[in-house]
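What the coordinates show
Chain residues, written in single-letter form:
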Amino acid sequence: MDDIRTGRRFPVELPLKILGDREVPTGSTANISAAGVYLWIEGGLEVGSSIEFEITIPGESIGSEESVRLHCHGQVVRCDLGPDGRTGVACMIERYEFLRTAEVGGE
Amino acid sequence: MLKIILADNQAIFRAGIAKVLAVEDDVRIVAQAQTVEQAMIAIEKFRGSVMIYASSFLPDTARLAALARESGIQLVVIAENSELPERYLNAGVLGLIFRSVDGAELLKCVRKVSSGEVYVQDMRAVASNSDSDDFVGARVRDRLTPKELKIVALIVQGFKNKEIAVQLGTTEQVVKNYLRNVYDKIGVSDRLELALFTIHHRILAEAAAASAATMRATLPNPSGTA
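Residues numbered from 1 in each chain as written. Chains lettered and ligands numbered in written order. Predicted model: local features only at pLDDT ≥ 70, side-chain atom pairs only at ≥ 80, totals over all residues. Heavy atoms only, no water.

1. Some details on the overall build of chain B
Counting secondary structure elements, chain B contains 12 helices and six strands. Expressed as a percentage of the 226 residues in chain B, the buried residues total 50%. Contacts spanning at least 24 positions in sequence make up 61% of the contacts within chain B whose residues lie at least 6 apart. Taken as a whole, chain B presents about 10600 Å² of accessible surface, with 53% of it coming from carbon and sulfur. (Helix = DSSP H or I, 4+ residues; strand = E, 2+ residues; numbered from the N terminus. Buried < 20%, exposed > 50% of the residue type's maximum accessible area, 1.4 Å probe, protein only. Contact = heavy atoms within 4.5 Å. Areas by Shrake-Rupley, 256 points an atom, 1.4 Å probe, with all protein chains shown as cover.)

2. Thoughts on the packing of aromatic side chains
The full count for this structure, using the stated rule, is three aromatic pairs over all chains. Aromatic pair A:Tyr38 and A:Trp40: ring centres 5.7 Å apart, planes at 90°, arrangement edge-to-face. Relative accessible area serves as the criterion here: at 14%, A:Tyr38 is assigned to the buried category. Measuring from ring centre to ring centre gives 6.0 Å for A:Tyr96 and A:Phe98, while their planes differ by 80°; the resulting arrangement is edge-to-face. For A:Tyr96, a relative accessible area of 25% puts it in the partly exposed group. Note on A:Phe98: relative accessible area 6%, which makes it buried. Over the face of the ring belonging to B:Phe13 we find B:Arg99, whose NZ or CZ atom lies 4.5 Å from the ring centre. (Phe/Tyr/Trp six-rings, centres within 6.5 Å; stacked < 30°, edge-to-face > 60°. Lys NZ or Arg CZ within 6 Å of the ring centre and 35° of its normal.)

3. Quick word on the state of the cysteines
For the coordinates displayed, the defined rule picks out zero disulfides over all chains. A:Cys91 takes part in no disulfide bond, and the closest cysteine sulfur to it belongs to A:Cys79, at a distance of 7.7 Å. (Disulfide = S-S within 2.5 Å.)

4. Topic: the sheet that holds strand β5 (residues 68-81) of chain A
Residue and element names in this part refer to chain A. An order of β1-β2-β3-β6-β5-β4 is seen for the six strands of this closed barrel, with the pairing classed as antiparallel. The sheet shows a mean angle of 45° between the axes of neighbouring strands, taken without regard to direction. Summarising the sheet, strand β2 (residues 27-32) and strand β3 (residues 36-41) pair through four bridges and their orientation is antiparallel. Pairing of Thr29 across the sheet is with Leu39, part of β3. (Pairing = 2+ DSSP bridges. Axes fitted to C-alpha atoms, helices over the stretch in contact; angles between N-to-C directions.)

5. Looking at the confidence of the model for chain A
Low pLDDT means the predicted coordinates in that region are not meant to be read closely. Residue and element names in this part refer to chain A. Per-residue pLDDT for chain A has a mean of 83; in total, 86% of the residues score no lower than 70. Ranking the elements of chain A by mean pLDDT puts β2 last, at 89, and strand β4 (residues 50-57) first, at 93. Predicted confidence for residues 1-5 stays below pLDDT 50, and this span has zero contacts to residues more than four positions away or in other chains. (pLDDT = per-residue confidence, 0-100.)

6. Observations concerning the interface of chain B and chain A
Contact residues are listed per partner, giving 29 residues for chain B and 27 residues for chain A. It is B:Arg63, B:Leu192 and B:Ile199 that lose the most area in chain B upon contact with chain A, and together they represent 22% of the buried surface on that side. Between chain B and chain A we count three salt bridges in total. Across the salt bridge formed by A:Arg100 and B:Glu163, the nearest N and O atoms sit 3.0 Å from each other. Elements with a minimum of two residues in the side of chain B that touches chain A: α3 (61-70), α11 (191-200) and α12 (202-218) of chain B. Considering each element in turn, the side of chain B that touches chain A owes the most residues, eight residues, to α11(B). A breakdown of the residues in the side of chain B that touches chain A according to their chemical character gives 15 nonpolar, five polar and nine charged. (Buried area = accessible area lost by both parts, 1.4 Å probe. Salt bridge = Lys/Arg side-chain N within 4 Å of Asp/Glu carboxyl O. Nonpolar A, V, L, I, M, F, W, Y, C, P; charged D, E, K, R; others polar.)

7. Here we look at the side chain of B:Ser49
Residue and element names in this part refer to chain B. With respect to the helices, strands and loops of the structure, Ser49 is situated in the loop between α2 (36-45) and β3 (50-54). Ser49 sits in the buried class, given a relative accessible area of 0%. Of the polar contacts made by the side chain of Ser49, one reaches the backbone oxygen of Phe46; its length is 2.7 Å. Once residues within four sequence positions are removed from consideration, Ser49 is found in contact with Lys3, Ile5, Val30, Gly72, Ile73 and Gln74. (Polar contact = N/O pair within 3.5 Å; in protein donor to acceptor, adjacent residues only side chain to side chain.)

8. A closer look at the sheet that holds strand β1 (residues 2-7) of chain B
All names here are of chain B. The six strands lie next to each other as β2-β1-β3-β4-β5-β6, forming an open sheet whose pairing is parallel. The strands lining the two open edges of the sheet, one partner per strand, are β2 (27-33) and β6 (119-120). Bridge analysis of β1 against β2 gives six bridges, and the strand direction is parallel. Across the sheet, Lys3 pairs through a bridge with Arg28, a residue of β2. Packing against the sheet, α2 makes contact with β1, β2 and β3, and its axis sits at approximately 140° to β2.

Next comes the structure, spelled out in structure tokens:
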């Protein structure tokens, strides 16, 4: 299979949660580029489905007292069975927005 | 015979480690994995080995450690310079080295781990070398002006251009101009790639944060001007 990824991928492990109607446990990123992200999550997602998720960038990694959230909309392009049944999910990022804590209700 | 599995998607690094270990009579590289699937197969097939793997290649440490335990495999992780050893040691990984490790220390680590002992490369030595190790981050940091560093800090902290303009006491258009220069200097295409680059290069993130902190200390009340 051809590698269709574009942009530099950064091996950055950050916590994330999948948003939407379905209850999906939190997961983490394995690597991210500006165009896509590879996630580890519990359970599976349907290839081709839309996905909305939020990645947390901890304050300490950016020299800030507050964490920043990266709110993303995208599409699932591949699912791999990982060790012990976790699923590796490759997603295309279609749009994103940075959210500061103050913008999300001071949570 | 000490059996070694190398698992890393960086072929050059695998080759380097293999070269160091190949000269040892009692060490044999039994498998080299460049994909997660190959790594899983090697764990199943070569029970009782020591697996040297990159943290970015197999990021799910807890699950990898569980599989390794089942197969009697001892793990040595090649960690990124910014990572702390506790999360690996707590999961059951016995060895932790960084990409800056030299041949002698790598061998020492592998031998200790194969006999069930913990070995962690000295963090202080890594920290003292971190500036020179992260050539890319240091080079970018040195190319950016103080104002550009402030803008980088505000971008990764999630501020929008308009908010950055208020913080800097300038216009949104000027911020856009600065950003275009920053993108060109770093070689990124948008604010997400800029943020990822900065998070990945701690040396740049620290310089940017320090620059923003200086700005906050010198400006009277940026939020009050919004």
